[in-house]
Amino acid sequence: MKKIIILGAGGLGRQALAQLQVDYGHGIDWVIAGFLDERGPETVSEALYYPWLGYPETFIPESDHYFVVAIGEPGSREKQVRLLLGKGAEFISVRTRCQLGARTQYGATFFGYDVSSGVDCQIGSYGFIDQETLIGHDVVIGDYVHIGPRCLLAGYVNIGRGVVINSGAMLARGISVGDGAVIGMGAVVFHDVAAGTTVVGNPARVIFSK
Ligand SMILES: CC(C)(COP(=O)(O)OP(=O)(O)OC[C@H]1O[C@@H](n2cnc3c(N)ncnc32)[C@H](O)[C@@H]1OP(=O)(O)O)[C@@H](O)C(=O)NCCC(=O)NCCS
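Residues numbered from 1 in each chain as written. Predicted model: local features only at pLDDT ≥ 70, side-chain atom pairs only at ≥ 80, totals over all residues. Heavy atoms only, no water.

1. Quick notes on the packing of aromatic side chains
Put simply, the rule reads: Two aromatic rings, drawn from Phe, Tyr or Trp (for Trp, its six-membered ring), form a pair once their centres lie within 6.5 Å of each other, and the interplanar angle then sorts them: stacked below 30 degrees, edge-to-face above 60, tilted otherwise. We call a residue buried when its accessible area falls under 20% of the maximum for its residue type, exposed when it is over 50%, and partly exposed in between, using a 1.4 Å probe and counting protein chains only.
The full count for this structure, using the stated rule, is seven aromatic pairs. The interplanar angle of 80° and the centroid separation of 4.8 Å between the aromatic rings of W52 and Y55 together place this pair among those described as edge-to-face. Residue W52 is classed as partly exposed on the basis of its relative accessible area of 23%. You can call Y55 partly exposed: its relative accessible area is 36%. Linked through ring pairs, F59, F67, F91, Y126 and Y144 together constitute an aromatic cluster.

2. Looking at the pattern of salt bridges
Note that side chains of opposite charge can pair when their charged atoms are close. Basically, it comes down to this: A pair is scored as a salt bridge if a Lys or Arg side-chain nitrogen falls within 4 Å of a carboxyl oxygen belonging to Asp or Glu. Working definition: helices are DSSP H or I runs of at least four residues, strands are E runs of at least two. Numbering for both runs from the N terminus.
Considering all chains together, one arrives at nine salt bridges under this definition. Among the ionic pairs, R97 bridges to D114, the shortest N-O distance being 2.7 Å. Of this pair, R97 sits in the loop between β5 (94-95) and β6 (105-106) while D114 sits in the loop between β7 (110-111) and β8 (116-117); the two residues are 17 residues apart in sequence, bridging distant segments of the chain. Residue classification places R97 among the exposed positions, given a relative accessible area of 52%. Note that R103 is salt-bridged to D120, the shortest N-O span being 2.7 Å. One end of the pair, R103, is in the loop between β5 and β6; the other, D120, is in the loop between β8 and β9 (122-123), with 17 residues separating them in the sequence. A residue is classified by how much of its surface remains accessible, and R103, at 58% relative accessible area, is exposed. What emerges from the salt-bridge pattern is a single network uniting E78, R82 and R161.

Interpretation note: all reported values are geometric properties and have no functional meaning in isolation.
Encoded structure:
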């Protein structure tokens, strides 16, 4: 049986662990092995009952390992995922209690509880989409994206690589968000957001641009 390794032992890592423990794959397709975290063994509390297995830089993936991404900061996430991919690591998607629409395709992204999507979406890899987010139909989401809980992405929204969408944000139909942009908590976005830009508020306004 394969062993799941959680990349990141912070809040998202602990959340991923709790979800993985009740996921339908647990004990059937895989068991949980522990965590990797670049900050060292002290990041994993004994109360979790799963060990710190090493640093992503030095850990050697084996053929019976699966990895899931649980790092919030996109730059750090991409750096560590790339390190492991370069050593042959295999990342998988987790979709506990999620309902993804017909013909929706997804890569090795972690979906929190009760995320749902409409039909014909394309969702990339190495992302983390937190619980109860609603994704409309025909939405495109790039790699390394982080979406907080209870966000709403209307139909035909297009999200670039490495974008962060904080909790409760809403994006209107057809909006495009450029690579590396940040959407503030609770923002209501009616216009396209350029790459590297931060927007907040309702209606969303730019507070930072490259
Ligand atoms: C995107 C975000 C990080 C921007 O924060 P920031 O760049 O540090 O912005 P600042 O705190 O410097 O605020 C700049 C201005 O925008 C306002 N602002 C910041 N975030 C805001 C938000 N989400 N909604 C409305 N206004 C906001 C501030 O009040 C400030 O306004 P002022 O200049 O009139 O005083 C922040 O909006 C956010 O979403 N924080 C949530 C983080 C979080 O909970 N993460 C968990 C992930 S699920």
